[in-house]
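Single-letter residue listing:
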Amino acid sequence: MVLATRTGRIVPTLELARIARRYGAYTVDNDAIRGLIYAPFVECVALEFGIRAEVVTEITAADLAAQLRRAEFFMASVHPGIREPQVTPPTRGGHLVLVTAAQGAMVRFHNPSGIDPATRADVCMPVTVFAGFFAGRGIAILR
């Protein structure tokens, strides 16, 4: 989504994973891809696509508004159960969503693996609910 917005290019997901793997942003364990490793990913998008980004840790969901004043997007680590916000997740993190706005008491994000259109694109959620899924870390995609 970020690449399409920034460059106008739509790069197939598998190709992106292969590129990121060359930088160590993904590792493979028994033919399964393990989660995104942030620092190598930041290097990858800078060198391959000219996108400035940085790893951000130890923040709260309430801090997302400040992050988005300096960054265009924020890739937030959330529990994948965010697709069903009425269910309390057992842990936080492990899945990435693209936060596009955070204003007042609301966070807006895209989650391509949502279960229906309402949980995939332009999802608006109270910051207090988002906080229950958010691991306090992610990647700021800088302007």
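Residues numbered from 1 in each chain as written. Predicted model: local features only at pLDDT ≥ 70, side-chain atom pairs only at ≥ 80, totals over all residues. Heavy atoms only, no water.

Chemist: Now, about the pairing of strand S6 (residues 106-110): what can you tell me, with residues and values included?
Modeler: Summarising the sheet, strand S5 (residues 95-103) and S6 pair through five bridges and their orientation is antiparallel. Paired with Val-99 across the strands is Phe-109, a residue of S6. Between S5 and S6, which pair antiparallel in sequence order, lie two residues; one of them, Gly-104, sits at a positive phi of approximately 60 degrees. Here S6 pairs with strand S7 (residues 123-126) via four bridges, running antiparallel. From the neighbouring strand, Met-106 faces S7, where its bridge partner is Pro-126. (Pairing = 2+ DSSP bridges. Helix = DSSP H or I, 4+ residues; strand = E, 2+ residues; numbered from the N terminus.)

Chemist: Residue-level account of the packing of helix H2 (residues 13-22) against helix H3 (residues 38-49), with values.
Modeler: Following both chains from N to C, one finds H2 and H3 inclined at 110 degrees, their axes separated by 9 Å at the closest point. It follows that H2 is roughly perpendicular to H3 by the angle criterion. As H2 runs across H3, the sense of the crossing is right-handed. Along its contact with H2, which presents Leu-16, Ile-19, Ala-20 and Arg-22, the element H3 presents Cys-44, Glu-48 and Phe-49. (Axes fitted to C-alpha atoms, helices over the stretch in contact; angles between N-to-C directions. Parallel < 35°, antiparallel > 145°, perpendicular 65-115°, else oblique. Left-handed = near helix turned anticlockwise from the far one by under 90°. Contact = heavy atoms within 4.5 Å.)

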